[in-house]
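Fold and contact review
Listed below are the residues making up each chain.
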Amino acid sequence: QVQLVESGGGLVQAGGSLRLSCAASGRTFSDYAMGWFRQAPGKDREFVATISWGGTSTYYGDSVKGRFTISRDNAKNTAYLQMNSLKPEDTAVYYCAAYPPQSYPSMTTGGLRNWGQGTQVTVSS
């Protein structure tokens, strides 16, 4: 089991930027592909981005392509989500997830058992 802790959320104006971090502990970080999902009030959890074990492969949800960038630093056991050109519709709780090998590069929550507690991102208009 890997433990995940997100940080970096906050309140930002539309057009601004934030960088989220997901710190992992408990297991070998490089054994897991990593992903970010988000959930707005009253909505299902939505796929944002995922990155492979070594960081050479990434996938993005259509709503964030060209604006968000996922990355990882295996030496620091941390995954990141750089969010630029933020929009009010990006407002949500953002969660990171550790992917078991057979789940990558899933864009759904099924099969993902390791989640962080989430960090709130609020984008004002």
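Description of the structure in this document. Since this is a predicted model, take the numbers as computed values, not measurements. (Residues numbered from 1 in each chain as written. Predicted model: local features only at pLDDT ≥ 70, side-chain atom pairs only at ≥ 80, totals over all residues. Heavy atoms only, no water.)

If you look at the biggest cluster of nonpolar residues, it comprises 29 residues, and the most contacted ones within it are Met34, Trp36, Leu81, Met83 and Tyr94. Counting residues per element, the ones that place at least two in this core are strand S3 (18–25), strand S4 (33–39), strand S5 (46–51), strand S7 (68–73), strand S8 (78–83), strand S9 (92–99) and strand S11 (119–124). Ranked by size, the runner-up nonpolar core spans seven residues in total, among them Ala33, Phe37, Tyr104 and Leu112. (Core = buried A, V, L, I, M, F, W, Y, C linked by side-chain atoms within 4.5 Å. Buried < 20%, exposed > 50% of the residue type's maximum accessible area, 1.4 Å probe, protein only. Helix = DSSP H or I, 4+ residues; strand = E, 2+ residues; numbered from the N terminus.)

For any pair of aromatic rings, geometry is given as the distance between the ring centres together with the angle between the planes. In the structure shown here, the tally under the stated rule is six aromatic pairs. Arranged with centres 6.0 Å apart and planes meeting at 65°, the rings of Tyr59 and Tyr104 form a pair that is edge-to-face. Of this pair, Tyr59 sits in strand S6 (residues 58–60) while Tyr104 is found in the loop between S9 and strand S10 (114–115), placing the two residues 45 residues apart along the sequence. Tyr59 sits in the partly exposed class, given a relative accessible area of 34%. A centroid spacing of 6.2 Å and a plane angle of 70° characterise the contact between Tyr99 and Tyr104, whose relative ring orientation is edge-to-face. In this structure, Tyr99 and Tyr104 share a single accessibility class: buried. A cation over an aromatic ring shows up here: Arg45 above the ring of Tyr95, its NZ or CZ 3.7 Å from the ring centre. Cation over ring: Arg72 sits above Phe29, and NZ or CZ is 4.4 Å from the ring centre. (Phe/Tyr/Trp six-rings, centres within 6.5 Å; stacked < 30°, edge-to-face > 60°. Lys NZ or Arg CZ within 6 Å of the ring centre and 35° of its normal.)

On to the pattern of salt bridges, then. In total, this model carries four salt bridges according to the counting rule given. Measuring nitrogen to oxygen at the nearest pair gives 2.8 Å for the salt bridge that ties Arg38 to Glu46. Salt-bridge contacts for Arg38 lead to Asp90; the nearest nitrogen and oxygen are separated by 2.8 Å. Residue Arg38 is located in strand S4, and its partner Asp90 is located in the loop between S8 and S9; the two are separated by 52 residues in the primary sequence. The burial state of Arg38 is the same as that of Asp90; both residues are buried. (Salt bridge = Lys/Arg side-chain N within 4 Å of Asp/Glu carboxyl O.)

Attention now moves to the pairing of S8. For a regular strand, side chains alternate in direction, first toward one face of the sheet and then toward the other. Taken across its six residues, S8 has five buried, putting it largely inside the fold. Of the pairings in the sheet, the one linking S3 to S8 comprises six bridges and is antiparallel in character. Bridge pairing links Cys22 to Ala79 in S8. Counted between consecutive antiparallel strands, the loop separating S7 from S8 contains four residues, among which Asn77 sits at a positive phi close to 55°. (Pairing = 2+ DSSP bridges.)

Moving on to the side chain of Asp90. Under the relative-accessibility criterion, Asp90 is labelled buried at 0%. Looking at Asp90, its side chain comes within polar contact range of the side chain of Arg67, at 2.8 Å. Of the polar contacts made by the side chain of Asp90, one reaches the backbone nitrogen of Lys87; its length is 2.8 Å. Setting aside chain neighbours within four positions, we find Asp90 in contact with Arg38, Arg67, Phe68, Ser85, Val121 and Val123. (Polar contact = N/O pair within 3.5 Å; in protein donor to acceptor, adjacent residues only side chain to side chain. Contact = heavy atoms within 4.5 Å.)

Another aspect to go through is the sheet that holds S7. If you walk across this open sheet you meet the four strands as S1-S3-S8-S7, and the pairing is antiparallel. Each end of this open sheet is capped by a strand with a single partner; those strands are strand S1 (3–7) and S7. Adjacent strand axes in the sheet meet at a mean angle of 15° when their direction is disregarded. As judged from the six bridges shared by S7 and S8, these two strands associate in the antiparallel manner. (Axes fitted to C-alpha atoms, helices over the stretch in contact; angles between N-to-C directions.)

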